[in-house]
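Single-letter residue listing:
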2 protein chains.
Amino acid sequence: MPTPMPVQQSTSAHTTSPRRRRADAERNRARVLNAARELFAERGAHVSMDEVARRAEVGVGTLYRHFPTKEAMVEAASQQRFGEILTYYRTICRDSTEPLEALKLLLTRIAEVEARDRGFASVVVEGTLGSEGPRSPLRADLEAELVSLVDKGQAAGVIRQDITGADILSLTCGLNSIVHRRSGDWRRYINIVLDGLRSSRER
Amino acid sequence: MPTPMPVQQSTSAHTTSPRRRRADAERNRARVLNAARELFAERGAHVSMDEVARRAEVGVGTLYRHFPTKEAMVEAASQQRFGEILTYYRTICRDSTEPLEALKLLLTRIAEVEARDRGFASVVVEGTLGSEGPRSPLRADLEAELVSLVDKGQAAGVIRQDITGADILSLTCGLNSIVHRRSGDWRRYINIVLDGLRSSRER
DNA sequence: AGTGAAACGGAGAGAGGTTCCGCATGCCAA
DNA sequence: TTGGCATGCGGAACCTCTCTCCGTTTCACT
């Protein structure tokens, strides 16, 4: 390991960074992230690093100075999507809405974003399928919201007891599959899932 | 295209082949399939072709003479699993059992096999997620059984009308996710899915 | 045994991710 | 303003993995 002080926070937005970055580095990081977001959204996470570098008009080396691996870059590129979904959820439906209705709105939003952004879709699936690795901050936030939503629903007696918040993320795998195989049908799928989640006395 | 007569049926068991294969070729094909099945089951589909060739004690070239791509080989290796599941289903529960109960047995069996065979699990997910490409024969058979099972359940009024057999395969994506993240919890997941599938008058 | 077709092995082409290092550039102090 | 230098940059090179190609070997049939 030649570098004595590796960049730890390269994938996060970091409010208080230990050492300020140079202006050109900051600019390049933004260019890379934009290029990545565009390409991954349009064509999925299989787009090559060379291509991202070309669209960002930087060398591949620059990509790896800002993100340790391609996977981290894909993850970072979809952070904004998690952010959008969280913002929507927190402003629209967290407090005012009945839990099952809120869950429906949230799942619908996730499906809509997955339909628009193939890179995000694969991050959701991989992150749920792949067992190890640290969760990105906003993804963790979203999972936390789901957990508390499920808790609330269970306390109110409208969601069955034998389920956890983490289950919901697993259910989005199937959602993702439907979004990309038969666009449009996913509203039906959400209804099926919600009917399954209801507590028996609500049925 | 140099080869005038490419091997069409390389992934199937072919009962009536147009031209007989040499004995050594037949033997090597079996060795390769065995090696592939073992390695993919143990460690997943990311195992390299070199490694499969090494375990089968053949050269990589031989792998590609029997299977056009790695993907085809993974698919072929999991055909046996689809076969096992189909046999189980046809002998145990297709005719004699009530549709929802049969569906439960079938989903349970799929989960059990996925838990044992990581390669099979990824074939189920990829095949469901990936939109294009021809389905392998036994996979298609399994999907057909699911379709007729759903039809039967709908005719009997125990399965909701707004669902198709293909939806079930999508639901197995989430199943797969749970099988590999929290082994054991998938029985709970199956109950949730089944409750969602029930027609409303049954609840 | 002899012959031709079928099958084999494995080097290497090609593609994609990742690293490395000499050069360029922004930043700060004098 | 300029000189010093840490920081950042580009892209050739490297590694690994899939897949192809072709000289050699093996089988099957006479």
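Since this is a predicted model, take the numbers as computed values, not measurements.

A. Main features of the relation of the copies chain B and chain A. Turning chain B through 179° and shifting it by 0.0 Å along the axis lays it on chain A, with an RMSD of 0.1 Å. Each copy turns onto its partner about a two-fold axis. Within chain B, the C-alpha atom positioned nearest to the axis of rotation is that of B:G196, 1.8 Å from it. Comparing interface residues between copies, 100% of those in chain B also lie at the interface in chain A; the contact surface is shared.

B. Here's a closer look at the packing of aromatic side chains. Residue and element names in this part refer to chain A. Summed over all chains, the structure comprises 2 aromatic pairs over all chains. Plain terms: the ring middles of F82 and F120 are 5.0 Å apart, the flat faces sit at 65° to each other, and that makes the pair edge-to-face. One end of the pair, F82, is in helix α4 (residues 70–93); the other, F120, is in helix α6 (residues 118–129), with 38 residues separating them in the sequence. Judged on exposure class, the residue F82 and its partner F120 are both buried. The residue whose ring lies beneath R109 is Y88, and the NZ or CZ to ring-centre distance is 4.1 Å.

C. Expanded view of the pattern of salt bridges. Summed over all chains, the structure comprises 28 salt bridges over all chains. As a salt-bridge pair, A:D162 and A:R160 come within 2.7 Å of each other at their nearest N and O atoms. On the accessibility criterion, A:D162 (30% relative accessible area) is partly exposed. What makes A:R160 buried here is its relative accessible area of 9%. When the shortest N-O distance is used, the salt bridge between B:E57 and B:R31 registers 3.1 Å. You can see B:E57 sitting in the loop between α2 (49–56) and α3 (60–66) and its partner B:R31 sitting in helix α1 (residues 23–43), a full 26 residues away along the chain. On the basis of relative accessible area, B:E57 is assigned to the exposed category, the value being 63%. What you see here is one network of salt bridges that share partners, running through A:R160, A:D162, B:D195 and B:R198.

D. Summary view of the protein's contact with DNA strand C. Looking at DNA strand C, there are 22 residues lining it, with A:Y64, A:K70, B:R22, B:N28 and B:T62 nearest. Here DNA strand C approaches the protein such that, of its atoms within 4 Å, sugar and phosphate make up 65%. Measuring from a phosphate oxygen of DNA strand C, one finds a side-chain N or O atom of A:Y64 at 2.8 Å. With respect to DNA strand C, the side chain of A:K70 contributes an N or O atom lying 2.5 Å from a phosphate oxygen. Looking at the surface near DNA strand C, the elements that each hand over two or more residues are α1 (23–43) of chain A together with α1 and α3 of chain B. For the surface near DNA strand C, the element with the most residues is α3(B), which contributes 5 residues. Taken together, the residues of the surface near DNA strand C sort by class into 6 nonpolar, 7 polar and 9 charged.

E. Layout of the interface of chain B and chain A. Contacts between the two partners involve 31 residues from chain B and, on the opposite side, 31 residues from chain A. Around 2500 Å² of area is buried between chain B and chain A when both sides are counted, 54% of it from carbon and sulfur atoms. Taken together, chain B and chain A are joined by 2 salt bridges. The residue B:R160 makes a salt bridge to A:D195 at a minimum N-O spacing of 2.7 Å. If you list the elements that add at least two residues to the side of chain B that touches chain A, you get α6 (118–129), α8 (165–181) and α9 (186–197) of chain B. The element that contributes the greatest number of residues to the side of chain B that touches chain A is α8(B), accounting for 11 residues. Split by residue class, the side of chain B that touches chain A holds 10 nonpolar, 12 polar and 9 charged.

F. Spotlight on the protein's contact with DNA strand D. What surrounds DNA strand D is a group of 22 residues, the closest being A:R22, A:N28, A:G61, A:T62 and B:K70. Among the atoms of DNA strand D close to the protein, meaning within 4 Å, 67% are from sugar or phosphate groups. Between B:A23 and DNA strand D, the recorded distance is 3.1 Å, taken from a backbone N or O atom to a phosphate oxygen. One of the side-chain nitrogen or oxygen atoms of B:K70 is found 2.6 Å away from a phosphate oxygen of DNA strand D.

G. Spatial organisation of the packing of helix α7 (residues 137–155) of chain B against α8(B). Residues and elements named next belong to chain B. Packing of α7 against α8 leaves a shortest axis separation of 7 Å and a crossing angle of 115°. Relative to α8, α7 is oriented so that their crossing is right-handed. For the pair formed by α7 and α8, the contact residues are R139, E143, L146, V147 and V150 on the first element and G165, A166, I168 and L169 on the second. Among the residues making up the contact of α7 with α8, the classes are represented as 6 nonpolar, 1 polar and 2 charged.

Criteria and thresholds
Residues numbered from 1 in each chain as written. Chains lettered and ligands numbered in written order. Predicted model: local features only at pLDDT ≥ 70, side-chain atom pairs only at ≥ 80, totals over all residues. Heavy atoms only, no water. Least-squares fit on C-alpha atoms with pLDDT ≥ 70 in both. Contact = heavy atoms within 4.5 Å. Phe/Tyr/Trp six-rings, centres within 6.5 Å; stacked < 30°, edge-to-face > 60°. Helix = DSSP H or I, 4+ residues; strand = E, 2+ residues; numbered from the N terminus. Buried < 20%, exposed > 50% of the residue type's maximum accessible area, 1.4 Å probe, protein only. Lys NZ or Arg CZ within 6 Å of the ring centre and 35° of its normal. Salt bridge = Lys/Arg side-chain N within 4 Å of Asp/Glu carboxyl O. Near = heavy atom within 4 Å. Polar contact = N/O pair within 3.5 Å; in protein donor to acceptor, adjacent residues only side chain to side chain. Nonpolar A, V, L, I, M, F, W, Y, C, P; charged D, E, K, R; others polar. Buried area = accessible area lost by both parts, 1.4 Å probe. Axes fitted to C-alpha atoms, helices over the stretch in contact; angles between N-to-C directions. Left-handed = near helix turned anticlockwise from the far one by under 90°.

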